[in-house]
Amino acid sequence: MATAEVAHNSQRAWWLRAILVLQDPRSVFLALRDESDDAEEARSEPVTALVFLGGMAGGLLAPLFGRLRADPAIDSIDIFLIVIFAGSIYGFFTFYIFGWILSLGVKAVGGEARARQCRHVFAYSLAPLVLSLVLVWPLRLALYGSDLFKE
């Protein structure tokens, strides 16, 4: 019972760090040095959320998404589903590819970090991009509406 409560508190701390990384990134990235299995498991859900939301935000920046309304067969619900599906796939592959590249870079300069830890560092670095999805995109939609998705 006590270990479940400790794991829950540890996971809650990593959810808070997902937000805190915008205000005090140094403390969050220092906490990422903990390579224990318990710490990596506790931060797996916040990492997943950051990766998928970051993928959606990154996908919305692609020029293709700006032309979705040019096709009359695509309506607003289709755009919403495309953003979620394509953004999730984009985030997933970007997470593994850039995490792997970061891991190679760390090893090239003589550092010692596992690939999983490098992927978690990359995921927490996506927080500003996720913030743009939460703050900027609703404002843009309110100002421009569906004109955002026209040629």
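Whatever comes next refers back to the structure up there.
Residues numbered from 1 in each chain as written. Predicted model: local features only at pLDDT ≥ 70, side-chain atom pairs only at ≥ 80, totals over all residues. Heavy atoms only, no water.

Trainee: Would you mind showing me how to read the overall build of the protein chain here?
Mentor: Regarding its fold elements, the protein chain presents 7 helices and 0 strands. When its helices and strands are written in sequence order, the protein chain yields α-α-α-α-α-α-α. Taken along its principal axes, the extent of the C-alpha atoms in the protein chain is 55 × 40 × 25 Å. For the protein chain, buried positions account for 32% of its 151 residues. Taking contacts inside the protein chain between residues at least 6 apart in sequence as the whole, the part at least 24 apart equals 70%. (Helix = DSSP H or I, 4+ residues; strand = E, 2+ residues; numbered from the N terminus. Buried < 20%, exposed > 50% of the residue type's maximum accessible area, 1.4 Å probe, protein only. Contact = heavy atoms within 4.5 Å.)

Trainee: Quick question: what am I supposed to make of the nonpolar core here?
Mentor: Across soluble globular proteins, nonpolar side chains show a tendency to be buried alongside one another. Within the largest apolar cluster, 17 residues are counted, with the highest numbers of intra-cluster contacts made by Trp14, Val47, Leu50, Val51, Phe95, Ala123 and Tyr124. The set of elements that each furnish at least two residues to this core consists of helix H1 (2–20), helix H2 (25–31), helix H4 (44–60), helix H6 (115–125) and helix H7 (127–144). Among all residues touching Val51, those that are not within four sequence positions of it are Gly91, Phe92, Phe95, Ala123 and Leu126. Residues Leu60, Leu68, Ile79 and Val83 belong to the second largest nonpolar core, which totals 10 residues. (Core = buried A, V, L, I, M, F, W, Y, C linked by side-chain atoms within 4.5 Å.)

Trainee: I'm lost on the side chain of Arg43 in this one. Help?
Mentor: By the element assignment, Arg43 lies in the loop between helix H3 (37–42) and H4. Residue Arg43 is classed as buried on the basis of its relative accessible area, which comes to 0%. A distance of 3.2 Å separates the side chain of Arg43 from the backbone oxygen of Asp34, its partner in a polar contact. Residues contacting Arg43, with those up to four places away along its chain left out, are Trp14, Ala31, Leu32, Asp34, His120 and Tyr124. (Polar contact = N/O pair within 3.5 Å; in protein donor to acceptor, adjacent residues only side chain to side chain.)

Trainee: How should the pattern of salt bridges be read in this particular structure?
Mentor: Where charged atoms from two side chains of opposite charge approach closely, those side chains can pair. Inspection of every chain in the model, using the stated rule, returns 4 salt bridges. Between Glu40 and Arg43 there is a salt bridge, with its nearest N and O atoms 3.8 Å apart. Overall, Glu40 belongs to the buried group, its relative accessible area being 0%. Several salt bridges share partner residues, and in doing so they unite Glu35, Glu40, Arg43, Arg114 and Arg116 into one network. (Salt bridge = Lys/Arg side-chain N within 4 Å of Asp/Glu carboxyl O.)

Trainee: Please clarify how the environment of Ile79 should be interpreted in this entry.
Mentor: Locating Ile79 in the fold gives a position in helix H5 (residues 76–108). On the accessibility criterion, Ile79 (6% relative accessible area) is buried. With 14 residues separating them along the chain, Ile79 and Phe65 place their C-alpha atoms 8.3 Å apart.

Trainee: How should H7 be read in this particular structure?
Mentor: An α-helix turns once every 3.6 residues. As a result, residues three or four positions apart point the same way. In this model, H7 (18 residues) spans 25 Å end to end at C-alpha, consistent with the 26 Å of a helix rising 1.5 Å per residue. At Val136, H7 is deflected by roughly 35°, the largest bend along its length, and proline Pro138 occurs up to four residues later in sequence. Every buried residue of H7 is accounted for by Ala127, Val130, Leu133 and Trp137. (Expected span 1.5 Å × (residues − 1). Bend = angle between axes of the 7 residues up to and from the residue.)

Worth remembering: the numbers are spatial, not functional.
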